[in-house]
Amino acid sequence: MEIYKKSGLSVNPLKTSPALGAAYAIQGIKGAIALFHAAPGCTFLGKVLLTQHLREPVGLLGTDIKEMPTIMGGWDELKKRITDVCEKFKPSLIGVIGTALSEIRGEDIENIITNYELRITNCKMLYISAPDYMGGFGEGYAKAIEVIVENLVEGGTAISNQINILPCESLTAGDIEEIKDIISTFGLKPIVLSDLSLSMDGSKERFSNLPLDGTAIDEIKAMGRSSATFSIGEGMKRAGEILKDRFGIPLYPLSLPIGLSASDNFIRCLIEITGKKTSERIERWRKRLVDGMVDTHLLMAGKRVTLGLDGDILAGVSGFCLDMGMDVISDFGFRISDLEDMEDMAHDADLIITNSHGKEISERLGIPLLRMGFPVFDRFGEPLKLRAGYRGSLNLLFEMANIFYEDRFCNKR
Amino acid sequence: MQGRSCWGGLAGLCDRDRENFKFQISNLKDTHTINLIGEYNIAGELWDILPLFEKIGINVLSKITGDSTFKEITYAHHARLNLLVCGRALINVARGMEERYVIPFREVSFYGIRNTSSALRDAAGFFEDMVLMKRTEEIINEEERNTKRLLSSYIEKLKGKKAVVYTGGVKSWSIISALKDLGIEVTACGVNKSSLSDIEKIKSLIGEERILKDVSPKNILEAIYSTNADILIAGGRNQYLAYKERIPFIDINQERHTPYSGYKGLVRMAEDIVKTIYSPVWEIAKKNAPWGSVKVSGYQSVRAKKV
């Protein structure tokens, strides 16, 4: 992919902090809490963004270090904060996330928490290094999952119908639920890490800082006994490889099931490992997706779309758009990206697909915006949106098609 | 009381408007004025045509009834020529105006380059004004050159493509002519919505043997498969007949959303035909699920036999 960068200055960055990605991963684990070792502002703004996107209380706290500990080391602050958190919330797991501020000083968080854990019972403590210079939201998310898999999973006798699912950060709670449903129709019992469909779906009925549901620690431990691992998204492959190397669990690295061929691939893997036939329901949704693609093809053909999305979802959506005969004029992975550069190239586009930060661009250029990715803070229902699998792809297709329908008479031909 | 004053006000408005009309009409008396009869502004088609008349200096007095007003229809009889666009539906209006107001009419179509140019030529020629005719030729030349330039990339892709057409009225023959402009061969044409004179015109364009009298879905499909047609061009009712059988399709009837008339419209039509014929979804849709067995049923089995 050609990297387009106008200047070294980032004006409207697409990249979101990896520390936030790591905190996002923690939200899918039952009773877990994320702890930023950082200045108050890092935690505060991150928490605002997560809360606005998920529209749920978010388990994210910070050590709130000031200038002296930032320079001299924040051991005492970290220890004190961990003690407080354990006493107050009794979490099942604390993910201590090293942000750029603490990592760049070389704070030895690992050492602090491994020595300290001895005095705390019933709480796992994990160190996740996620400074801004390691990548974006997706990298941070993947890093957190890797650390969890590395440290918590235990082996044991294999359970034949148990299967591990490692969804990437782009899958919403709605997507994860659909994937679980599909897998269950094959008679398999999925363990999803991390399962936002249980914790961040709006089913929490009372206030709690911690996710009341999600992947349980015991389930994570039992992941070593599964008969297969599906990693969904390029970034999740490494966590799957850890399971493969440690416990010999076969790994099926999948791309995001967006669009017909990617969804076919997902179903084919399930058929392969179970030897079972697809259910009537899956066949039916596949037919519906094909029908939707035929019905909308004339409207979609030749439409120019600009994508400002993270790596995995970018690949899925752009592949689907190309299948529909659309023209993907520019795609932006998070490493290279600045939405300002996208704006420069999007002038003759028919549609912009990016997160809520694309709103002003859409308004300035008069081009409709489809919100996707992270963060989406100016729409309701985003975490439950289903855009994966046959059913989800059909949703996405109709969303795009209806935007073009709306736009039809003011078409810039 | 209130009601009466309201009506009174309306009547006064009408009186004032009538004065306005008189003024406008006396102004228009000596200029080149026409009406468009049977032009319904489908998907905004009229707005591609009016600028052409404006450019050559012909005044379109009334449109009956696309994008029209009651007001402009009341002074339609002041025009000197009627252009009849949809012959089947509104021929009585044209004949009635000829009888009552001695306004001659010409049957025209704006589908395709040739039809559009000859419609403009007919209108200009009627007024026997050398300046007007010269200007018209210039504009036709310029528009045709421009359109051909815009069409060239599409025509390359459409060369040798075959279409089955099923539509009614003026469109049945004028669309065939428009498709010829694009280099598309019409292998069959349904005619049960066309008038006798339309059918005569169709015969002269594609020959009698290609006329399709029975337009049942089964027969349309037969015609497509037996002639190996690449596309069905018909009304919205047949859209899903085509889509379900995975046949490219464009909607040509009044319910459609894209304007296809005039020079600009032809370019849009070419674009849409290229889009549907070359869409990657057909290949995808024809393939079975990668784990399923090949199922041949219904009309697809007819096709399997033919191919």
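Computed from a predicted structure; not experimentally measured.

(A) Structural detail: the overall build of chain A. Within chain A, the regular secondary structure consists of 17 helices and 12 strands. Taking 22 Å as the expected radius of gyration for a compact globule of 413 residues, we find that chain A reaches 22 Å, a close match to that expectation. In terms of overall dimensions, chain A has a C-alpha envelope of 65 × 55 × 40 Å along the principal axes. Buried residues in chain A amount to 53% of all 413 residues. Sequence separation of at least 24 residues holds for 72% of the intrachain contacts in chain A that already meet a minimum separation of 6.

(B) Main features of the sheet that holds strand E4 (residues 105-107) of chain B. All names here are of chain B. Read from one edge of the open sheet, four strands run E2-E1-E3-E4, paired in parallel fashion. Only two strands of the sheet have a single neighbouring strand rather than two, namely strand E2 (59-65) and E4. Averaged over neighbouring strand pairs, the angle between their axes works out to 20° when direction is ignored. By the bridge criterion, three bridges tie strand E3 (residues 81-84) to E4 in an arrangement that is parallel. From the neighbouring strand, Asn82 faces E4, where its bridge partner is Phe105. On top of the sheet, helix H5 (residues 113-126) reaches strand E1 (33-39), E3 and E4; it is set at about 165° to E3, its chief contact.

(C) Structural view of the interface of chain B and chain A. Taken together, the contact between chain B and chain A spans 15 residues of the former and 19 residues of the latter. Considering only residue class, the side of chain B that touches chain A consists of eight nonpolar, three polar and four charged.

(D) Representation of the packing of helix H1 (residues 18-26) of chain A against helix H2 (residues 40-54) of chain A within the structure. Residues and elements named next belong to chain A. Put simply, H1 and H2 touch, their axes get as near as 10 Å, and they point 50° apart. Comparing the axis directions of H1 and H2 gives the class oblique. Handedness of the crossing formed by H1 with H2: right-handed. Across the interface between the two elements, Ala19, Leu20, Ala23 and Tyr24 from H1 touch Gly46, Leu49 and Leu50 from H2. Classifying every residue of the contact of H1 with H2 gives six nonpolar, one polar and no charged.

(E) Structural detail: helix H6 (residues 130-158) of chain B. All names here are of chain B. By the largest-angle criterion, Ser152 marks the main kink of H6, which is about 50°. Those residues of H6 that are buried lie in contact with helix H2 (46-56), H5 and helix H11 (262-277). Gly160, located one to two residues past H6, shows a positive phi value of around 80°.

(F) Highlighting the nonpolar core. Ala22(A) and Ile145(A) are the most contacted members of the largest nonpolar core, which has 199 residues in total. Beyond its immediate stretch of four places on either side in the chain, Ile145(A) contacts Ala25(A), Leu166(A), Leu193(A), Ser194(A), Met236(A) and Ala239(A).

(G) Representation of the confidence of the model for chain B within the structure. Model confidence for chain B is summarised by a mean pLDDT of 84, while 85% of its residues fall at 70 or above. For this predicted complex, the interface confidence comes out at an ipTM of 0.83, alongside a pTM of 0.87.

(H) Looking closely at the sheet that holds strand E6 (residues 189-192) of chain A. Residue and element names in this part refer to chain A. Spatially, the four strands line up as an open sheet ordered E6-E5-E7-E8, and their pairing is parallel. Lying at the two open borders of the sheet, with one neighbouring strand each, are E6 and strand E8 (251-254). In this sheet, neighbouring strand axes are inclined to one another by 20° on average, regardless of whether the strands run parallel or antiparallel. Across four bridges, the pairing between strand E5 (residues 162-167) and E6 is parallel. Bridge pairing in E6 links Asn164 to Ile191.

(I) Focus on the domain arrangement of chain B. Residue and element names in this part refer to chain B. Each assigned domain of chain B is listed with its residue range as follows: domain 1 (2-145) and domain 2 (152-306). Taken together, the contacts link 22 residues of domain 1 with 22 residues of domain 2. Elements that contribute at least two residues to the side of domain 1 that touches domain 2 include exactly H2, helix H4 (87-101) and H5. In terms of residue count, the dominant contributor to the side of domain 1 that touches domain 2 is H5 (four residues). Here the residues of the side of domain 1 that touches domain 2 are counted per class, giving 11 nonpolar, six polar and five charged.

(J) Structural detail: unusual backbone geometry. Here the amide bond leading from Phe374(A) into Pro375(A) is cis, since omega sits at -5°, within 30 degrees of zero. By secondary structure assignment, the location of Pro375(A) is in the loop between strand E12 (369-371) and helix H17 (389-406). A cis amide bond links Ile64(B) with the next residue in sequence, Thr65(B), at an omega value of 5°. Locating Thr65(B) in the fold gives a position in strand E2. Here the phi dihedral of Val102(B) falls at roughly 55°; this positive angle occurs in a residue that is not glycine. Residue placement: Val102(B) occurs in the loop between H4 and E4. Under the C-beta neighbour-count criterion, Val102(B) is labelled exposed, with 9 such atoms within 10 Å.

Parameters and conventions
All chains use their own residue numbering, which begins from 1 and follows the written sequence. Following the order in which they are written, the chains are lettered starting with A and the ligands numbered starting with 1. In view of the model being predicted, local features appear only for residues whose pLDDT reaches at least 70, and side-chain atom pairs are presented and counted only at 80 or more, with totals across whole chains, interfaces and linings using the full set of residues. Per the convention used, a helix needs a DSSP run of H or I reaching at least four residues, while a strand needs a run of E reaching at least two, with both numbered from the N terminus. Computation of the radius of gyration draws on C-alpha atoms alone. For the globule rule, the value is 2.2 Å times the number of residues to the power 0.38. The burial criterion counts other C-beta atoms lying within 10 Å of a residue's C-beta, which is placed from the backbone; the residue is buried at 20 or more, exposed at 12 or fewer, and partly exposed between these limits. Contact definition: two residues whose C-beta atoms, as placed from backbone geometry, lie within 7 Å. Two strands qualify as a pair provided that DSSP identifies no fewer than 2 bridges between them. Axis definition: a line fitted to C-alpha atoms, over the contacting stretch in the case of helices. Angles run 0 to 180 degrees between N-to-C directions. Any residue outside Ala, Val, Leu, Ile, Met, Phe, Trp, Tyr, Cys, Pro, Asp, Glu, Lys and Arg is labelled polar, Gly included; the first ten of those are nonpolar and the last four are charged. By definition in this entry, angles of less than 35 degrees are roughly parallel, angles greater than 145 are roughly antiparallel, angles of 65 to 115 are roughly perpendicular, and the rest are oblique. Helix crossings get a hand from a simple test, with the near helix turned counterclockwise from the far one by less than a right angle marking a left-handed crossing and a clockwise turn marking a right-handed one. Axes are fitted to the seven residues ending at a residue and to the seven starting at it; the angle between these axes is taken as the bend at that residue. For this analysis, nonpolar core means a set of buried Ala, Val, Leu, Ile, Met, Phe, Trp, Tyr and Cys residues linked through C-beta atoms within 7 Å. Per-residue confidence from the prediction method is given by pLDDT, with values spanning 0 to 100. Note: domain ranges come from an automatic or database domain assignment.

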